[in-house]
Amino acid sequence: MRVVVVGAGLGGLAAACALRQRGFEVEVHERAAHLGEVGAGVQLGPNAVKVLRALDLEASLRRHAFEPGNRLTLNWNDASLRNAAATRGADALTYGAPYLTARRADLHKVLRAALPRNAIRLSRACLGAETRGGVAAAHFSDGSQVEADLVVGADGIRSAIREKLFGADKPRFTHSMCWRAIVPIEFVPARVGPGGAVAIDKTDHVSWYGPNGQVICYPIGDGSMLNVFAGHASEGWVEESWTLPSSRSELIDAYKGWNEALLTILGRADDCFKWGIFDRDPIGQWTRGRVTLLGDAAHPTMPNLAQGANMAIEDGYVLARNLAREPGDVDAALAGYARERQPRTRAITLKSRENFELSMRWPPAPPVDRSWIFSFDATQEPG
Ligand SMILES: Cc1cc2nc3c(=O)[nH]c(=O)nc-3n(C[C@H](O)[C@H](O)[C@H](O)COP(=O)(O)OP(=O)(O)OC[C@H]3O[C@@H](n4cnc5c(N)ncnc54)[C@H](O)[C@@H]3O)c2cc1C
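For clarity, every value in this text was computed on a predicted model and none was experimentally measured.

J.: Any chance you could explain the overall build of the protein chain here in plain terms?
T.: What the protein chain contains, in helices and strands, is eleven helices and 20 strands. Relative to the 2.2 N^0.38 estimate, which gives 21 Å for 383 residues, the radius of gyration of the protein chain is 21 Å and therefore close to what a compact globule would have. Considering the protein chain as a whole, with its 383 residues, one finds that 47% of them fall into the buried category. The long-range fraction of contacts in the protein chain, counting pairs at least 24 apart against all pairs at least 6 apart in sequence, stands at 74%.

J.: So what exactly am I meant to see when it comes to the site of the ligand here?
T.: Surrounding the ligand, one finds 35 residues, the nearest of these being Gly7, Gly9, Gly11, Gly295 and Gly308. Mapped by element, the contributors of at least two residues to the shell around the ligand are helix 1 (10-21), strand 3 (41-44), strand 12 (172-184) and helix 9 (308-325). Split by residue class, the shell around the ligand holds 18 nonpolar, eleven polar and six charged.

J.: What's the story with the pairing of strand 12 in this structure? I'm lost.
T.: For a regular strand, the rule is simple: side chains alternate between the two faces of the sheet. Relative to strand 19 (residues 270-279), strand 12 runs antiparallel, the two sharing seven bridges. Within the sheet, the bridge partner assigned to Cys178 lies in strand 19 and is Trp275. Alignment of strand 12 against strand 17 (residues 225-233), held across nine bridges, turns out to be antiparallel. The residue of strand 17 that forms the bridge with Arg180 is Phe229.

J.: Sorry, what's going on with the sheet that holds strand 5 (residues 81-86) here?
T.: Sheets are built from strands that pair by backbone hydrogen bonding, the pairs being arranged parallel or antiparallel. Ordered in space as 5-4-15-16-17-12-19-18, the eight strands form an open sheet in which the pairing is mixed. In this open sheet, the two edge strands, each paired with only one partner strand, are strand 5 and strand 18 (244-245). Inspection of the sheet shows strand 16 (residues 213-220) paired to strand 17 by eight bridges, in the antiparallel sense. Bridge pairing links Val215 to Ala230 in strand 17.

J.: Help me out: how do you make sense of the nonpolar core in this one?
T.: Considering soluble globular proteins, one finds that nonpolar side chains tend to be buried as a cluster. Counting 114 residues, the largest nonpolar core has Val5, Ala15, Val151, Val152 and Val228 as its most contacted members. Of the residues forming this core, the biggest block, nine residues, is contributed by helix 9.

J.: Just to check I follow, could you spell out the sheet that holds strand 9 (residues 135-140) for this structure?
T.: One open sheet accounts for three strands, arranged 8-9-10; its pairing is antiparallel. Edge positions in the sheet fall to strand 8 (126-132) and strand 10 (145-148), since each of these pairs with one other strand and no more. Between one strand axis and the next, the sheet turns by 20° as a mean value, whatever way the strands run. Across six bridges, strand 8 lies against strand 9 in antiparallel orientation. What sits directly across from Thr131, in strand 9, is Ala136.

J.: Explanation requested: the pairing of strand 15 (residues 205-210) in the structure shown.
T.: Taking burial as the measure, the six residues of strand 15 include five buried ones, the bulk of the element. Inspection of the sheet shows strand 4 (residues 70-75) paired to strand 15 by five bridges, in the parallel sense. Residue pairing in the sheet places Leu74 in a bridge with Trp208 of strand 15. The sheet contact formed by strand 15 and strand 16 spans five bridges and is antiparallel. Paired with Val206 across the two strands is Cys217, which belongs to strand 16. Hairpin connection of strand 15 to strand 16: two residues between the antiparallel strands, including Asn212 at a positive phi of 65°.

J.: I tried to follow the environment of Thr101 on my own but got confused; where do I start?
T.: Structurally, Thr101 can be placed in strand 6 (residues 100-103). By C-beta crowding, Thr101 is classed as buried, having 23 other C-beta atoms within 10 Å. Spatially, the C-alpha atoms of Thr101 and Phe166 are 34 Å apart, while their sequence positions differ by 65 residues. Excluding its chain neighbours within four sequence positions, the residues that come into contact with Thr101 are Gly41, Gln43, Ala65, Phe66, Pro68, Tyr218, Pro219, Ile220 and Asn227.

J.: In this structure, what is going on with unusual backbone geometry? I would like to understand it.
T.: Negative phi is the rule for most residues except glycine; trans is the rule for most peptide bonds. Of note, the amide linkage connecting Trp362 to Pro363 takes the cis form, showing an omega dihedral of 0°. Tracing the sequence through the fold places Pro363 in the loop between helix 10 (330-359) and helix 11 (371-374). Its identity as a non-glycine residue notwithstanding, Asp56 has a phi of 65°, on the positive side. The topology assignment puts Asp56 in the loop between helix 2 (46-54) and helix 3 (58-62). Exposure remark for Asp56: the 11 C-beta atoms within 10 Å place this residue in the exposed category. Located in the positive-phi region is Asn212, a residue other than glycine, with phi close to 65°. The exposure class of Asn212 is partly exposed, given the 17 C-beta atoms found within 10 Å.

J.: What should I look at first to understand helix 5 (residues 104-113) in this one?
T.: One turn of the α-helix equals 3.6 residues, which is why residues spaced by three or four share an orientation. Buried within helix 5 we find Arg104, Leu107, His108, Val110 and Leu111. Buried residues along helix 5 cover an arc of 160° about the axis, so they all sit on one side. Considering only its buried residues, helix 5 is in contact with helix 1, strand 3, helix 3 and strand 6.

Rules of the game
- Residues numbered from 1 in each chain as written.
- Predicted model: local features only at pLDDT ≥ 70, side-chain atom pairs only at ≥ 80, totals over all residues.
- Helix = DSSP H or I, 4+ residues; strand = E, 2+ residues; numbered from the N terminus.
- Rg over C-alpha atoms; globule rule 2.2 N^0.38 Å.
- Buried ≥ 20, exposed ≤ 12 C-beta atoms within 10 Å, placed from the backbone.
- Contact = placed C-beta atoms within 7 Å.
- Near = placed C-beta within 6 Å.
- Nonpolar A, V, L, I, M, F, W, Y, C, P; charged D, E, K, R; others polar.
- Pairing = 2+ DSSP bridges.
- Core = buried A, V, L, I, M, F, W, Y, C linked by C-beta atoms within 7 Å.
- Axes fitted to C-alpha atoms, helices over the stretch in contact; angles between N-to-C directions.
- Arc of directions from axis to C-beta.

Laid out in structure tokens, this is it:
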């Protein structure tokens, strides 16, 4: 069986690894001329780490990933403590795998290294895919076409394959935006809060909550850098693009009046990029004929629960597991894939929306319960 995956993002590469592990022939076609990922960090919940473990990638991931010590939430103005919980060791014990943070580029490299070099074709912009006589065909901007038993659209939030199969979507701008930036870890203060009452360890995952926004900071890689994700209401329209450059001063301006310790961190931000937050309703169908979707192409989601990449990684594994269970019956496998994945990704997408709305209110609601997300194990057949 031959599978063509369109898009070599985190979802497409994880799917390719899972498909190869089951013995399928896989080719990945990527629009970009060079492989890579932007410099920002990614949080991997125990649910995604379980999949990477099943792909035999946990050890190489651990060489580049960080396991945060505690998870703290602080108030925006006086940095007083709202919540504290242990993460390091505790999540692994509770959920069967650790909570890890990494540079996206490092995770991308770990996935890439598990694939043969010639499995990924670059500068291959896909225009769409269709099924003719039980054969799937993907079409590319150079006029070429590739046929396979299955085409998987892993081509991200603005998926050309999704649009071709199901029509254009209608994203709603949420009048908020986020920044991503990197700060050397030494700028994390040791004590904050009234009278320095709150101790912060440089290993901690720290979220600041305030009116109209939140800032989430966590160490990545070897722990020497802090990844900053800052979300805030925005008057202006901001494009949905990882690569829209911003500046330190634009970032600091949005958080005027927030605690000095946070502003000191933001004042050291490098590689500042911004991204408009858009909302989309979950779609009810991912498959047409022998063409299906995964990752952001199937279930674009707001970044609030940090589960977009986690879900994409789960998708690939479940797709491969279903194809392996139904040898020779691609239709049954694709039906099984959708049956397993749609309820979960819909629930997480809608929870991300709810969490986004709560995060824009003040005072904020208590942290959402994520135990149902983390305890899930996509590597197991549903009971
Ligand atoms: C600020 C921010 C922070 C985030 N933090 C987290 C986090 O901590 N944890 C988490 O789980 N998720 C996070 N997410 C979400 C996560 O980044 C996405 O959900 C994830 O990258 C989706 O993976 P994907 O492979 O489906 O799509 P993508 O990563 O977008 O990859 C799509 C790939 O397809 C290629 N492509 C696109 N169009 C074509 C085409 N026509 N032909 C060929 N190739 C094409 C692209 O070049 C790209 O390589 C965050 C998102 C944002 C905006």
